[in-house]
Amino acid sequence: MSATALEVPPHEIVVIKPYIRSPDNWKELREQCYSVRIDVFHHEQGFPIEDEIDNLEDVATHFLLRLTSGSDAGKPVGTIRYTKQTSPSTRETYYKLSRFAVLKDYRNYRFGVGLVNALHDYIRTDARKSRNEGSANGNNAPGDQDGFVRVVCHSQIYIKGFYEKIGYEPEGEEFDEDGAPHQKMVLRLPISD
Ligand SMILES: CC(C)(COP(=O)(O)OP(=O)(O)OC[C@H]1O[C@@H](n2cnc3c(N)ncnc32)[C@H](O)[C@@H]1OP(=O)(O)O)[C@@H](O)C(=O)NCCC(=O)NCCS
């Protein structure tokens, strides 16, 4: 059966912002993101559980996809996060996508692409805000390269095709991360209104 023929379970994507502790139940929502990640990265893929929660959690913007109806209402099934980072060598500001996972039983409903699109929308808004604040101060927005910002991820090799489908391109050689081969994938995301 093709993915488009599947009946997609009703769902919503909730955003958990850093610093401002929003929404009120941010702690519980973040725990739900962790539970999806532990299920996928530790139980399914075998990565060590002690590496799952890292020092970026408090500064990351997290996205949680959860079901909204029936006996499964509220069940967390997918997550992704981004952090805004600056390269120490080039001083370029870019956005890093990570900890992207959908529970095995809920794959191929386009939940993954929905999460990435939600993340891109948030990045666009953030980059435009930085650009506007920058031009008010007579500066360029950090990371704004002629109306584009870079979104970077370290993709497991088997999932490169997913990122390529949505416009990411490989950069550099494959490398080892957490004991598994990865490829840096980069998207030039347009930020214009
Ligand atoms: C990556 C992941 C989140 C994708 O979630 P998903 O909800 O199943 O993906 P979607 O249903 O949104 O797929 C969107 C498209 O990507 C395609 N796709 C999915 N997995 C793919 C893969 N491994 N390679 C190439 N394309 C893939 C789908 O077929 C679909 O194609 P279509 O647009 O032609 O219909 C999910 O496979 C997952 O959790 N994997 C385990 C964790 C992981 O490896 N995360 C990535 C770490 S870098």
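Report on the accompanying structure. Keep in mind the model is a prediction, meaning the values are calculated, not measured. Going along each chain's sequence as written, the residues are numbered from 1 onward. The predicted origin of the model limits local features to residues at a pLDDT of at least 70 and limits the giving and counting of side-chain atom pairs to 80 or more, whereas totals for whole chains, interfaces and linings rest on all residues.

Moving on to the overall build of the protein chain. Here a strand is any run of E in DSSP of at least two residues, a helix any run of H or I of at least four, and the numbering for each starts at the N terminus. Along the protein chain, the regular secondary structure elements total three helices and seven strands. For a compact globule the rule gives 2.2 Å times the number of residues to the power 0.38, and the radius of gyration it is set against comes from C-alpha atoms. Its C-alpha radius of gyration of 17 Å places the protein chain within 12% of the 16 Å reference for a compact globule of 193 residues. Each principal axis of the C-alpha atoms in the protein chain carries an extent, and together these give about 55 × 40 × 35 Å. Contacts are defined on C-beta atoms placed from the backbone: any two residues whose C-beta positions lie within 7 Å are in contact. In the protein chain, the share of contacts with a sequence separation of at least 24, taken over all contacts with a separation of at least 6, comes to 59%.

Before going further, it helps to spend a moment on the site of the ligand. Any residue whose C-beta atom, as placed from the backbone, lies within 6 Å of a molecule or strand is termed near it. In the vicinity of the ligand, 19 residues are found, and the nearest of them are Arg 107, Gly 112, Val 113, Gly 161 and Phe 162. Counting only elements with at least two residues in the shell around the ligand, the list comes to strand 4 (93–102), helix 2 (111–136), strand 5 (148–156) and helix 3 (160–165). Per-class residue counts for the shell around the ligand are eleven nonpolar, five polar and three charged. All amino acids are sorted into three groups, where Ala, Val, Leu, Ile, Met, Phe, Trp, Tyr, Cys and Pro are nonpolar, Asp, Glu, Lys and Arg are charged, and the leftover types, Gly among them, are polar.

Only buried residues count toward a nonpolar core: Ala, Val, Leu, Ile, Met, Phe, Trp, Tyr and Cys, linked into one set through C-beta atoms within 7 Å. A residue is called partly exposed when the number of other C-beta atoms within 10 Å of its own lies between 12 and 20, exposed at 12 or fewer, and buried at 20 or more, with C-beta atoms placed from the backbone. Judged by nonpolar contacts, the single largest core of 31 residues is most densely connected at Leu 97, Leu 119, Ile 123 and Val 149. Mapped onto this core, the elements with two or more residues apiece are helix 1 (26–44), strand 2 (61–67), strand 3 (76–86), strand 4, helix 2, strand 5 and strand 7 (180–190). Top contributing element to this core by residue count: strand 4, with six residues.

When you tally the buried positions in strand 2, you get five out of seven residues, the bulk of the element. Two strands pair when backbone bridges link them, and strand 1 (residues 11–16) and strand 2 are joined in this way by six bridges, in the antiparallel orientation. Paired with Val 14 across the two strands is Leu 64, which belongs to strand 2. By the convention used here, strands pair only if DSSP detects at least 2 bridges between them.

Another aspect to go through is the sheet that holds strand 7. Here we have seven strands laid out as an open sheet, ordered 1-2-3-4-5-7-6, and mixed in their pairing. What marks the edges here is a single partner per strand, and that holds for strand 1 and strand 6 (169–177). Within this sheet the neighbouring strands show an average axis-to-axis angle of 25 degrees, counted without direction. With two bridges connecting them, strand 4 and strand 5 associate as parallel partners. Fitting a line to C-alpha atoms yields each axis, with helices limited to the stretch in contact; the angle taken between N-to-C directions then spans 0 to 180 degrees.

Backbone geometry places Arg 110, a non-glycine residue, at a positive phi of 70 degrees. You can see Arg 110 is positioned in the loop between strand 4 and helix 2. Arg 110 sits in the partly exposed class, given 14 other C-beta atoms within 10 Å. Its identity is not glycine, yet Asp 178 carries a phi of approximately 55 degrees, on the positive side. Within the element layout of this structure, Asp 178 appears in the loop between strand 6 and strand 7. For Asp 178, a count of 13 C-beta atoms within 10 Å translates into the label partly exposed.

Moving on, we come to the pairing of strand 6. A small share of strand 6 lies buried, amounting to zero of its nine residues. Sheet topology places strand 6 next to strand 7; six bridges connect them, and they run antiparallel. Bridging from a neighbouring strand, Glu 169 pairs with Val 186 of strand 7. Hairpin remark: strand 6 followed by strand 7, antiparallel, with two residues in the connecting loop; positive phi at Asp 178, about 55 degrees.

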